[in-house]
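Inside the fold
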Amino acid sequence: LVMALVPAVSAIAKWDAGELAHALRLTQRGIDLANGDPTLGNLMIGSPLAMALGLRASTRCCLGIPGWRDDFDNALELARDVDKFTYCTVVMFKYIAIMNWAILPDDRALRDTAGALEIARQFGDDFLLTNAEFTYGLVLVRRDDTDRALGFELLAKARRVAREHRYTVIAAWCVDLDVASECIRTGDLDSAVRLSRAVLDEEVSCGEGINRGWSTSVLVEALLARGHDGDLDEARATIDRLAAMPTEPVFLYHELPLLRLNALVAQASGDH
């Protein structure tokens, strides 16, 4: 029972909240309890060990701890041979790191997420299908040589399911941020500011802790590109809010965006 619940519930909750040291301890406990057995404790998840490895990879990635890429590869290898549900879930956990620029949407990402989507379509589970569509859509919209329209269509579907409370609301926020980024690219800056500001406000209100660096980045970029009266001041205040958020001593999903955003604000202020 412990092996089934620790990685599936407790660690994910801590990870979403940005309590990464606690999440890392929980995932390590699950890995240690499994003792190499990929199916031990499979009451809810086919391979709790693969899930724990995937969560440890995500946590190590956020904290800049070496070995996270190997964890992802090992988790995928284990899950592929044991349980389709776990495999598709680990694919999602790996490639949502694209959102925070930790992984590139390369050919392997395209191949893995397309394969997970094909499995999910055969599996017959709505939650798993939404997971796979969301992840594949994310890879599509982050590339220039794919069907980006299909990507946004898949993301919109995931957003709708999330807003109907049949999937995690975090996915809806992620979709809005990618749409906001596209609005910046196409020059619809008012929509970009509106969407990203709303996401950031919801994240702060709900205590979401993983993607705050990303949402702050999109809002600040939109404000600086728009350049209305007060936009530069709002950009500075938005960066300060991210900097003031309590985090682990090393949390790259905040530290790297803060470095970049402060440089952009300095540039916009003429401080070359």
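Residues numbered from 1 in each chain as written. Predicted model: local features only at pLDDT ≥ 70, side-chain atom pairs only at ≥ 80, totals over all residues. Heavy atoms only, no water.

Digging into the overall build of the protein chain
- In terms of regular secondary structure, the protein chain is built from 13 helices and zero strands.
- Moving toward the C terminus, one meets the helices and strands of the protein chain in the order α-α-α-α-α-α-α-α-α-α-α-α-α.
- At 19 Å, the protein chain has a C-alpha radius of gyration in line with the 19 Å of a compact globule built from 272 residues.
- Dimensions of the protein chain, computed from C-alpha atoms along their principal axes, come out at roughly 60 × 40 × 30 Å.
- Long-range contacts, defined here as pairs at least 24 residues apart, represent 60% of the contacts in the protein chain between residues at least 6 apart.
- A total accessible area of about 12,200 Å² is found for the protein chain, and carbon and sulfur atoms account for 53% of it. (Helix = DSSP H or I, 4+ residues; strand = E, 2+ residues; numbered from the N terminus. Rg over C-alpha atoms; globule rule 2.2 N^0.38 Å. Contact = heavy atoms within 4.5 Å. Areas by Shrake-Rupley, 256 points an atom, 1.4 Å probe, with all protein chains shown as cover.)

So, the confidence of the model for the protein chain
- Considering every residue of the protein chain, the mean pLDDT works out to 93; 97% of them sit at 70 or more.
- Between the elements of the protein chain, mean pLDDT differs from a low of 69, seen in helix α1 (residues 2-16), to a high of 98, seen in helix α11 (residues 212-226). (pLDDT = per-residue confidence, 0-100.)

Remarks on the packing of helix α8 (residues 148-163) against helix α9 (residues 169-186)
- Contact geometry of α8 with α9 gives a least axis separation of 8 Å together with a crossing angle of 145 degrees. Note on packing geometry: the crossing formed by α8 with α9 is left-handed. Together, Arg148, Phe152, Leu155, Ala156, Arg159, Ala162 and Arg163 of α8 and Val169, Ala172, Trp173, Val175, Asp176, Asp178, Val179, Glu182 and Arg185 of α9 make up the contact between the two elements. (Axes fitted to C-alpha atoms, helices over the stretch in contact; angles between N-to-C directions. Left-handed = near helix turned anticlockwise from the far one by under 90°.)

Thoughts on unusual backbone geometry
- Even without glycine at this site, Asn35 takes up a positive phi of about 55 degrees.
- On the basis of relative accessible area, Asn35 is assigned to the exposed category, the value being 70%.
- Not every positive phi belongs to a glycine, and Trp101 is a case in point at roughly 70 degrees. (Buried < 20%, exposed > 50% of the residue type's maximum accessible area, 1.4 Å probe, protein only.)

Thoughts on the pattern of salt bridges
- Taken as a whole and judged by the stated rule, the model has 21 salt bridges.
- Lys157 is paired through a salt bridge with Glu133; the nearest N and O atoms lie 3.0 Å apart. Placement of the pair is Lys157 in helix α8 and Glu133 in helix α7 (residues 126-141), with a sequence separation of 24 residues.
- Its relative accessible area of 30% is what places Lys157 among the partly exposed residues. (Salt bridge = Lys/Arg side-chain N within 4 Å of Asp/Glu carboxyl O.)

Topic: helix α3 (residues 48-63)
- Here α3 is 16 residues long and its end C-alpha atoms lie 22 Å apart, about the 22 Å a rise of 1.5 Å per residue gives.
- For α3, the tally of buried residues reaches 16 of 16 residues, placing the bulk of the element in the interior.
- Immediately beyond the C-terminal end of α3, within one or two residues, lies Gly64, with a positive phi of roughly 70 degrees. (Expected span 1.5 Å × (residues − 1).)

Thoughts on the environment of Ala75
- Here Ala75 is to be found in helix α4 (residues 68-82).
- By relative accessible area, which is 0% here, Ala75 ends up buried.
- Ala75 has contacts with Ala50, Leu53, Gly54 and Val90, leaving out every residue within four places of it along the chain.

Some remarks on the nonpolar core
- Of all hydrophobic cores here, the largest spans 83 residues; its most connected members are Trp15, Phe93 and Phe134.
- Ranked by residues supplied to this core, first place goes to α3 with ten residues.
- Every residue in contact with Phe93, bar those within four places of it in the chain, is listed here: Ile12, Trp15, Met51, Leu55, Ser58 and Phe72. (Core = buried A, V, L, I, M, F, W, Y, C linked by side-chain atoms within 4.5 Å.)

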